[in-house]
Amino acid sequence: MSAPPAQKVLAAFLTVLLFALIVFGLGAAFDQFGHRGWGHVVGLGCCAVMVVAGVVTSRRDQ
């Protein structure tokens, strides 16, 4: 059974907000040491790992 379209949109929106929180949160944490750019890179890397893991898991379930 598929989820309603509004539920899919809400899930996508909340996922984007979570990824933004991770990226900018790590940027702020790394800024304490004077390396905000590296924090953004690490945050993007974490989000990429989560996306790849989700895609691999969804393909395995089919």
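One can find the structure itself at the top, above this paragraph.
1. Side note on the overall build of the protein
Looking only at helices and strands, the protein has two helices and zero strands in total. The principal-axis extents of the C-alpha atoms in the protein amount to approximately 50 × 25 × 10 Å. Out of the 62 residues belonging to the protein, those deemed buried represent 8%. Split by element, the accessible area of the protein, about 5000 Å² in all, is 74% carbon and sulfur.

2. With respect to the packing of helix α1 (residues 5–31) against helix α2 (residues 36–61)
Taken N-terminus to C-terminus, the directions of α1 and α2 make an angle of 150 degrees; their axes are 7 Å apart at the nearest point. Comparing their axes, α2 and α1 come out roughly antiparallel. Note on packing geometry: the crossing formed by α1 with α2 is right-handed. Where α1 approaches α2, its residues F19, I22, V23, F24, L26, G27, A28, F30 and D31 are matched on the opposing element by R36, W38, G39, H40, V42, G43, L44, C46, C47, M50 and V51. Residue composition of the contact of α1 with α2, grouped by class: 14 nonpolar, four polar and two charged.

3. Things to note about the environment of F19
Position of F19 among the secondary structure elements: in helix α1. The spacing of F19 and A48 is 29 residues in sequence and 9.6 Å in space, taken between C-alpha atoms. Apart from residues lying up to four places away in sequence, F19 is in contact with C47, M50 and V51.

4. Let's talk about a nonpolar patch on the surface
Together, L10, F13, L14 and L17 make up a nonpolar patch on the protein surface, roughly 400 Å² of accessible area in all. In this structure, F13 sits in helix α1.

5. Here we look at the environment of W38
Counting through the fold element by element, W38 comes out in helix α2. You can call W38 exposed: its relative accessible area is 56%. Sequence separation of W38 and G27 is eleven residues, and the distance between their C-alpha atoms is 7.1 Å.

6. Remarks on the pattern of salt bridges
Applying the stated criterion across every chain, the model contains one salt bridge. The salt bridge partner of R36 is D31, with a shortest N-O separation of 3.0 Å. Accessibility expressed as a relative area gives 39% for R36, which makes it partly exposed.

So, how was this worked out
Residues numbered from 1 in each chain as written. Predicted model: local features only at pLDDT ≥ 70, side-chain atom pairs only at ≥ 80, totals over all residues. Heavy atoms only, no water. Helix = DSSP H or I, 4+ residues; strand = E, 2+ residues; numbered from the N terminus. Buried < 20%, exposed > 50% of the residue type's maximum accessible area, 1.4 Å probe, protein only. Areas by Shrake-Rupley, 256 points an atom, 1.4 Å probe, with all protein chains shown as cover. Axes fitted to C-alpha atoms, helices over the stretch in contact; angles between N-to-C directions. Parallel < 35°, antiparallel > 145°, perpendicular 65-115°, else oblique. Left-handed = near helix turned anticlockwise from the far one by under 90°. Contact = heavy atoms within 4.5 Å. Nonpolar A, V, L, I, M, F, W, Y, C, P; charged D, E, K, R; others polar. Patch = residues over 30% accessible without salt bridge, like charges linked within 9 Å, V, L, I, M, F, W, Y side chains within 5 Å. Salt bridge = Lys/Arg side-chain N within 4 Å of Asp/Glu carboxyl O.

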